[in-house]
Amino acid sequence: ILNVEQSPQSLHVQEGDSTNFTCSFPSSNFYALHWYRWETAKSPEALFVMTLNGDEKKKGRISATLNTKEGYSYLYIKGSQPEDSATYLCAFEKSGAGSYQLTFGKGTKLSVIP
Amino acid sequence: EAGVTQSPTHLIKTRGQQATLRCSPISGHTSVYWYQQALGLGLQFLLWYDEGEERNRGNFPPRFSGRQFPNYSSELNVNALELEDSALYLCASSPGRLGGTDTQYFGPGTRLTVL
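Residues numbered from 1 in each chain as written. Chains lettered and ligands numbered in written order. Predicted model: local features only at pLDDT ≥ 70, side-chain atom pairs only at ≥ 80, totals over all residues. Heavy atoms only, no water.

Attention now moves to the overall build of chain A. For chain A, the count of helices and strands is 0 helices and 11 strands. If you list the helices and strands of chain A from N to C, you get β-β-β-β-β-β-β-β-β-β-β. Over its C-alpha trace chain A gives a radius of gyration of 14 Å, about what one expects of a compact globule, namely 13 Å for 114 residues. For the C-alpha atoms alone, the extent of chain A along its principal axes is close to 45 × 30 × 20 Å. Looking at chain A residue by residue over its 114 residues, the buried ones come to 49%. Within chain A, contacts between residues separated by at least 24 positions form 54% of all contacts whose residues are at least 6 apart in sequence. Total accessible area on chain A is roughly 5,600 Å²; 46% of this is exposed by carbon and sulfur atoms. Taking the average place of the 11 positive charges on the side chains of chain A and the average place of its 11 negative ones, the gap between the two points comes to 3 Å. (Helix = DSSP H or I, 4+ residues; strand = E, 2+ residues; numbered from the N terminus. Rg over C-alpha atoms; globule rule 2.2 N^0.38 Å. Buried < 20%, exposed > 50% of the residue type's maximum accessible area, 1.4 Å probe, protein only. Contact = heavy atoms within 4.5 Å. Areas by Shrake-Rupley, 256 points an atom, 1.4 Å probe, with all protein chains shown as cover. Lys, Arg positive; Asp, Glu negative; His and termini not counted. Charge placed at Lys NZ, Arg CZ, Asp CG, Glu CD.)

Okay, structure coming up:
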């Protein structure tokens, strides 16, 4: 059974604060690491797909880094805004048999206080 | 471009009944995935269909089944419903891997309640 852990489980920050959270995943049989943002009553929205060790991706104020050798990824949000309030999910995709199948963490729920 | 759509939004059934959930992928996408989110758990992979064939399934009993139609839409069927099948069921689609990674795009989900 693949284990994907996210921390913290939830987080409250003030508007304007920068924040980051962690996704831990197996370091073997790695193919890709996916990040999603899931707002209440909406569909999960794809943020990033990361494949290479040391990869860094950026989308506006959100960025992510990847370390496949030690099995972790960080998601950073700079200058949090109320509209960033959502649950952020990471998902591990393994290589070989079982690829295309995403194993999700339970998510980090971010609340940005105006 | 229309996103992934799912129907119905909510579904209420009683134990032992059958439930049918439907998913329409993004136009041009050939792969459809089904995930379950039960209370307190993360999204759990259920099934993957591509080009009309079941390609992979997660650790769920055989009473969870489905199919993909020639237009790439998909149905998830859950037979002999149990109380613990109450969950949010999400469908996702992807264009199919063209030598690289394949982002899955999710629908809004169907909330199944089993009484």
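Residues and elements named next belong to chain A. Taken as a whole, this structure holds 2 disulfides over all chains when the rule is applied. Covalent S-S linkage joins Cys23 and Cys90, the inter-sulfur distance amounting to 2.0 Å. Between Cys23 and Cys90 the sulfur-sulfur dihedral comes to about 80°; the bridge is accordingly right-handed. Linking Cys23 in strand S3 (residues 19-24) with Cys90 in strand S9 (residues 86-94), this pair joins segments that are 67 residues apart in sequence. (Disulfide = S-S within 2.5 Å.)

A few words now on the side chain of Thr103(B). By the secondary structure assignment, Thr103(B) is in the loop between strand S9 (87-94) and strand S10 (105-106). Taking relative accessible area as the criterion, Thr103(B) reaches 17% and is therefore assigned buried.

Here we take up the confidence of the model for chain A. For chain A, the average pLDDT comes to 93, and 96% of its residues sit at 70 or higher. Mean pLDDT in chain A bottoms out at strand S10 (residues 102-104) of chain A, which sits at 92, and peaks at strand S7 (residues 62-67) of chain A, which reaches 98. (pLDDT = per-residue confidence, 0-100.)

Moving on, we come to the interface of chain A and chain B. Counting residues at the interface gives 20 residues for chain A and 21 residues for chain B. Both sides of the chain A and chain B interface together cover about 1,800 Å² of buried area, and 60% of this is carbon and sulfur. Among the residues of chain A in contact with chain B, Trp38(A), Tyr100(A) and Phe104(A) are the three that bury the most area, contributing 34% of the side total. Scanning the region where chain A abuts chain B turns up 0 salt bridges. Linking chain A with chain B are 6 residue pairs in polar contact (both at pLDDT 80 or more), by the criterion used here. If you list the elements that add at least two residues to the side of chain A that touches chain B, you get strand S4 (30-38), strand S5 (45-50), S9 and S10 of chain A. Per-element accounting of the side of chain A that touches chain B gives the leading share, 5 residues, to S4(A). Looking at the side of chain A that touches chain B residue by residue, the class counts come to 11 nonpolar, 7 polar and 2 charged. (Buried area = accessible area lost by both parts, 1.4 Å probe. Salt bridge = Lys/Arg side-chain N within 4 Å of Asp/Glu carboxyl O. Polar contact = N/O pair within 3.5 Å; in protein donor to acceptor, adjacent residues only side chain to side chain. Nonpolar A, V, L, I, M, F, W, Y, C, P; charged D, E, K, R; others polar.)

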